[in-house]
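Overview (structure and organization)
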Amino acid sequence: DIDGVELLQFGIYRGIELADWYNFLNIGYKFPAIGASDYPACRFLGDCRTYVYSKSKPDFKAWLEGCRKGASFVTTGPLLHLDVDGQKPGAVIDKTGKGPHQVRLRLDIHSEVADVDTVQIICNGQVIVEQHISLKRALVKGNTPNLATIAHDVLIEEPSWIAARAFSKTSAGNHDSEAHTN
């Protein structure tokens, strides 16, 4: 009776990490990721957050329900908006008839507080699209918002899950920014 896993903490994927989280998803278990800070042990208060999609301002109960459904993304800064055939993360898209079936993806990435240099679309634990971009933090007032958009069609041949990830690493190879949709 577990509704999710706190996966993004201290700016990295901890505990079961991404590979094992993907394995849970691959066996059909809806196991949403959550990001949270463990202040004062983390880098700073709120360094990892969970954002829940909502049509209106949710109360705490609605926020928890959105987390449970996976209608969310985790982040250390970059904001992700993933749309698959008009549906947001956590949705179930039913296709009928013999496949393969084509789905249309659109991912908007916005980042004002962290650099982003790699964007991935993941299907069933495999990176199916990877693009290198250059979103630089926009902390100076008046800068143009940092926004990138990726649109892609994907052929789905079996029951599948799709998510998006955006991240960067420092020149030393350490984690810098991280975001992942459910």
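Residues numbered from 1 in each chain as written. Predicted model: local features only at pLDDT ≥ 70, side-chain atom pairs only at ≥ 80, totals over all residues. Heavy atoms only, no water.

**Observations concerning the overall build of the protein**
In terms of helices and strands, the protein carries 2 helices and 12 strands. Sequence-ordered secondary structure for the protein, helices as α and strands as β, is β-β-α-β-β-α-β-β-β-β-β-β-β-β. Taken over the C-alpha trace, the protein has a radius of gyration of 16 Å; the compact-globule value for 182 residues is 16 Å, and the two agree within 12%. Here the C-alpha coordinates of the protein stretch approximately 50 × 35 × 35 Å along the principal axes. A separation threshold of at least 6 residues defines the contact pool for the protein, and within that pool the share at least 24 residues apart is 63%. In the form shown here, the protein has an accessible surface area of approximately 10,500 Å², with 52% of it arising from carbon and sulfur atoms. Separation between the mean location of the 19 positive side-chain charges and that of the 22 negative ones in the protein comes to 5 Å. (Helix = DSSP H or I, 4+ residues; strand = E, 2+ residues; numbered from the N terminus. Rg over C-alpha atoms; globule rule 2.2 N^0.38 Å. Contact = heavy atoms within 4.5 Å. Areas by Shrake-Rupley, 256 points an atom, 1.4 Å probe, with all protein chains shown as cover. Lys, Arg positive; Asp, Glu negative; His and termini not counted. Charge placed at Lys NZ, Arg CZ, Asp CG, Glu CD.)

**Re the nonpolar core**
In this structure, Leu107, Ile109, Val119 and Ile162 are the most contacted members of the largest nonpolar core, which totals 24 residues. Of all the secondary structure elements, the ones that give two or more residues to this core are strand S6 (79-84), strand S7 (101-110), strand S8 (116-123), strand S9 (126-135), strand S10 (147-156) and strand S11 (162-169). In contact with Val119, not counting residues within four places along its chain, are Leu107, Ile109, Val129, Glu130, Gln131, Ile133, Ile150, Arg165 and Ala166. Listed in part, the 15 residues of the second largest apolar core include Leu8, Trp21, Ala33 and Cys48. (Core = buried A, V, L, I, M, F, W, Y, C linked by side-chain atoms within 4.5 Å. Buried < 20%, exposed > 50% of the residue type's maximum accessible area, 1.4 Å probe, protein only.)

**Overview of the confidence of the model for the protein**
One rule of thumb: low pLDDT means the predicted coordinates there are not for detailed reading. Of all residues in the protein, 91% attain a pLDDT of 70 or more, and the chain-wide mean is 87. Highest mean pLDDT in the protein belongs to S6 (96); lowest belongs to strand S2 (residues 12-13) (78). (pLDDT = per-residue confidence, 0-100.)

**Concerning the packing of aromatic side chains**
Taken as a whole, this structure holds 8 aromatic pairs when the rule is applied. Judged by centre distance (5.3 Å) and plane angle (45 degrees), the ring pair of Tyr29 and Phe31 falls under tilted. In this structure Phe31 comes out as buried when scored by relative accessible area, which is 7%. Between the aromatic rings of Tyr53 and Phe73, the centroid separation amounts to 6.0 Å while the plane-to-plane angle is 50 degrees, which identifies the pairing as tilted. Of this pair, Tyr53 sits in the loop between strand S4 (49-52) and helix H2 (60-69) while Phe73 sits in strand S5 (residues 72-75), placing them 20 residues apart in sequence. Here the two residues Tyr53 and Phe73 agree in accessibility, since each one is buried. (Phe/Tyr/Trp six-rings, centres within 6.5 Å; stacked < 30°, edge-to-face > 60°.)

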